[in-house]
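Fold and contact review
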Amino acid sequence: MTRPAKDFFAPLAVGAPAPLREIPARPSRAIHFFDPGNEKMAAKIPDMVGTVDVLLGNLEDAVKAENKEKSRQGLVEIGRATANLGSTAGPTQFWTRVNSLDSPWGLDDLVTLVTEIGDKLDVIMVPKVQGAEDIHYVDRLLAQLEAKAGLERPILVHAILETARGVANIEEICAASPRMQGLSLGPADLAADRRMKTTRVGGGHPGYLVRQDPTRDDLGVPQYDAERTSYQQDLWHYTIARMVDACAMHGIYPYYGPFGDIKDTVACEDQFRNAFLLGCVGAWSLHPVQIKIAHQVFSPSVEDVAHARRVIAAMGDGTGAVMIDGKMEDDASVKQCQVMVALADELAAIDPDLKALYDGIDA
Ligand SMILES: CC(C)(COP(=O)(O)OP(=O)(O)OC[C@H]1O[C@@H](n2cnc3c(N)ncnc32)[C@H](O)[C@@H]1OP(=O)(O)O)[C@@H](O)C(=O)NCCC(=O)NCCSC(=O)C[C@H](O)C(=O)O
Ligand SMILES: [Mg+2]
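Residues numbered from 1 in each chain as written. Chains lettered and ligands numbered in written order. Predicted model: local features only at pLDDT ≥ 70, side-chain atom pairs only at ≥ 80, totals over all residues. Heavy atoms only, no water.

So, the UniProt feature "binding site: substrate" (unreviewed entry) in the protein chain
- UniProt annotation of "binding site: substrate" (unreviewed entry) refers to R97 and E162 when read in the numbering used here. Across 66 residues in sequence, these annotated residues keep their C-alpha atoms within 13.8 Å of one another, forming a single compact spot.
- Here R97 lies in strand β3 (residues 93–97).
- Given the relative accessible area of 7%, R97 is considered buried.
- Not counting residues within four places of it along the chain, the set of residues in contact with R97 comprises F33, L56, G57, N58, L59, E60, D61, M125, P127, I160 and W284.
- With respect to the helices, strands and loops of the structure, E162 is situated in the loop between β5 (156–161) and α5 (164–168). (UniProt positions renumbered as here; feature names shortened; annotations may be inferred. Helix = DSSP H or I, 4+ residues; strand = E, 2+ residues; numbered from the N terminus. Buried < 20%, exposed > 50% of the residue type's maximum accessible area, 1.4 Å probe, protein only. Contact = heavy atoms within 4.5 Å.)

So this is what it looks like as C-alpha cells:
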C-alpha cells in the first residue's frame, strides 16, 4: 500500500533529510561501471572524474563472492579519497550498485556505504527489484542511516528491472518513494527470469526476426526456396517502451542497461540509439570504450538542435501551424523540439565541447 498524499514527502526517520519534491534532471548519458576491488580499475577512477557523467562502483554481479567485502571497502576508500566526485562536487555523479536485498551482502553494503560515504553518494542502484515492498524497505533503512550519519540531503534510489515480477509491478515501483530516481533494464537477469532462450548480456539476436513473404511464380505458387530479405527485431522494445512510459508518468528517468559485446561498438551504438529515440536518458558503460558511445548517442545532434530551435522560433507562442522545409509543424511538434533543446541546454552546461557545438549553430 502506498502512503497517503499528506505523508508522502515526510521523512521516514527522525533527523533524516526531507525528500526531494522533484528529481533533478542531471545529465547521466553514461553510467560507467567499475569494480572498486579491482586495483587496475580503481586506479583509473580519479582521472575519469570529469570525463563521464556517472561513475558507479559496482558491488553486485561481476564481483566474485570472495571479493565482496574488498570491493565494498575499496568503494569507501575511493569515495573518501577522490576529489570532485559526487553530489555537490562537480559534473560527475557518484553512484553504487549494491548487492540484492536477499543476498548475504546487501544489508552491510547499505549500512557501510551510507554511514561512511553517504555525503558523496548521489544514487544507490538496487538490483532485482520485485515490487514496491523492496523500495519501501530501502526507503526506511536509508532514512534511518541518513539520520545516523547526519546527512543533509537524501540519497536517491534507482531500481533495475530484471525479473518478470519487477516488470509486472513497474508502476508501483516507480511510485513507491520520492527517492525514486529512475529505472534501468537488466537484460541478462531478465532474460533468465523470463526463460528467454538467449545467452547474451543485452543487444539483439539473429534468430529474432521477421522475414519477407515468399515471392510467387506466374501461377501464384509461393517460392519458398527463393531468397527473401529478413529483418532482425529488437528483443527489448517492449520492456524499454514500458519502462519509458512508467518513468515519464512518475517524473523519473529511464536507462538502457548493459551491452555485453564490448568489441561490437557498432551494435552497441545502435542499441543505445534505439533507447535514446524511445525516451531513455542514458545507458550503462561496462568498459571505457563504451563511455564515448553513450555520451555521443544520448546527446542531441547539432542538426536536431538546429531544427528544434528553428521550429520553436517560428512557432512563437507555441500554438497554430507553420510550414518549415515542406513539413507541417504545430503545437505537438514544437513540444518535441522543446524536449530536444532543454536536453541540449542541460548537456551544454556540463560539457564545454557540446556547448561550443550548440553555440556554433547560431553563429
Ligand atoms: C569486461 C571486462 C571484464 C573487460 O576487462 P579487460 O579484459 O581487462 O579489458 P581490457 O583489457 O580491454 O581493459 C583495458 C584497460 O581498461 C581497464 N578497464 C576495463 N574495464 C574497465 C572499467 N569498467 N572501468 C575502468 N577501467 C576498466 C582494464 O583494467 C585495463 O587496464 P590496463 O591493463 O591498466 O590498461 C571489464 O571491462 C569489466 O569487468 N567491466 C565491468 C563489468 C561489469 O561491471 N559487469 C556488471 C554490469 S552488467 C550486469 O550486471 C548485467 C545486468 O545486471 C543484467 O542483469 O543485465
Ligand atoms: Mg543483473
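The discussion continues.
Considering the site of ligand 1
- As a matter of local geometry, ligand 1 sits amid 20 residues, with F33, K44, A188, L286 and H287 nearest to it.
- For ligand 1, a nitrogen atom lies 2.8 Å from a polar atom in the side chain of H32.
- Between ligand 1 and P187 there is a distance of 3.1 Å, counted from an oxygen atom to a backbone nitrogen or oxygen.
- Here ligand 1, which alone exposes 1100 Å², has 66% of that area covered by the protein. (Near = heavy atom within 4 Å. Polar contact = N/O pair within 3.5 Å; in protein donor to acceptor, adjacent residues only side chain to side chain. Areas by Shrake-Rupley, 256 points an atom, 1.4 Å probe, with all protein chains shown as cover.)

Digging into helix α11 (residues 302–315)
- The end-to-end C-alpha distance of α11, which contains 14 residues, comes to 20 Å, matching closely the 20 Å that a straight helix rising 1.5 Å per residue would cover.
- By the burial criterion, the buried members of α11 are V305, A308, V311 and M315. Buried residues along α11 cover an arc of 130 degrees about the axis, so they all sit on one side. Residues E303 and A313 are exposed on α11 and point more than 90 degrees away from its buried face.
- Buried-residue contacts for α11 involve β11 (321–324), β12 (327–330), α12 (331–350) and α13 (352–362).
- Just past α11, the residue G316 takes up positive phi, approximately 55 degrees. (Expected span 1.5 Å × (residues − 1). Arc of directions from axis to C-beta.)

Observations concerning the coordination of the magnesium ion (ligand 2)
- In this structure, E162 (OE) and D189 (OD) serve as the protein donors to the magnesium ion (ligand 2), at separations of 2.0 to 2.2 Å. A residue pair is termed long-range when its members are at least 10 positions apart, and E162 in the loop between β5 and α5 and D189 in helix α7 (residues 187–194) qualify at 27 residues.
- Its relative accessible area of 24% is what places D189 among the partly exposed residues. (Donors = N, O, S within 2.8 Å, 3.2 Å for Na, K, Ca; no water.)

Focus: the sheet that holds strand β1 (residues 30–34)
- Here eight strands make up a closed barrel; going around it, the order is β1-β2-β3-β4-β5-β6-β9-β10 and the pairing parallel. Ignoring which end each strand starts from, the neighbouring axes of this sheet average 25 degrees apart.
- Direction of pairing for strand β2 (residues 54–58) relative to β3: parallel, over a ladder of five bridges. Paired with L55 across the bridge in β3 is F94.
- Contacts from helix α2 (residues 68–81) reach β1, β2 and β3 within the one sheet, and its direction differs from that of β3 by about 170 degrees. (Pairing = 2+ DSSP bridges. Axes fitted to C-alpha atoms, helices over the stretch in contact; angles between N-to-C directions.)

Quick notes on unusual backbone geometry
- Within the chain, N84 stands out as a residue other than glycine whose phi angle is a positive 60 degrees.
- Structurally, N84 can be placed in the loop between α2 and β3.
- Not every positive phi belongs to a glycine, and K128 is a case in point at roughly 55 degrees.
- Counting through the fold element by element, K128 comes out in the loop between β4 (123–126) and α4 (132–149).
- By relative accessible area, K128 is classed as partly exposed at 23%.

Some words on the packing of α11 against α12
- At a minimum axis distance of 8 Å, the contact between α11 and α12 shows a crossing angle of 130 degrees. As judged from the angle between their axes, α11 and α12 are oblique. Once α11 is placed against α12, the crossing between them reads as left-handed. For the pair α11 and α12, contact is made by D304, V305, A308, R309, V311, I312 and M315 and by D331, V334, C337, Q338, M340, V341 and A344, respectively.
- Of the residues contributing to the contact of α11 with α12, the split by class is 10 nonpolar, one polar and three charged. (Parallel < 35°, antiparallel > 145°, perpendicular 65-115°, else oblique. Left-handed = near helix turned anticlockwise from the far one by under 90°. Nonpolar A, V, L, I, M, F, W, Y, C, P; charged D, E, K, R; others polar.)

Some words on the nonpolar core
- Of all hydrophobic cores here, the largest spans 78 residues; its most connected members are I31, I124, L183, F272 and F298.
- With six residues, the single largest contributor to this core is α4.
- Setting aside residues up to four positions removed in sequence, L183 forms contacts with H158, A159, L161, I170, I173, C174, M243, C247, Y253, P254 and Y255.
- Core analysis: the next-biggest nonpolar cluster, separate from the first, contains seven residues, A308, V334, C337 and V341 among them. (Core = buried A, V, L, I, M, F, W, Y, C linked by side-chain atoms within 4.5 Å.)

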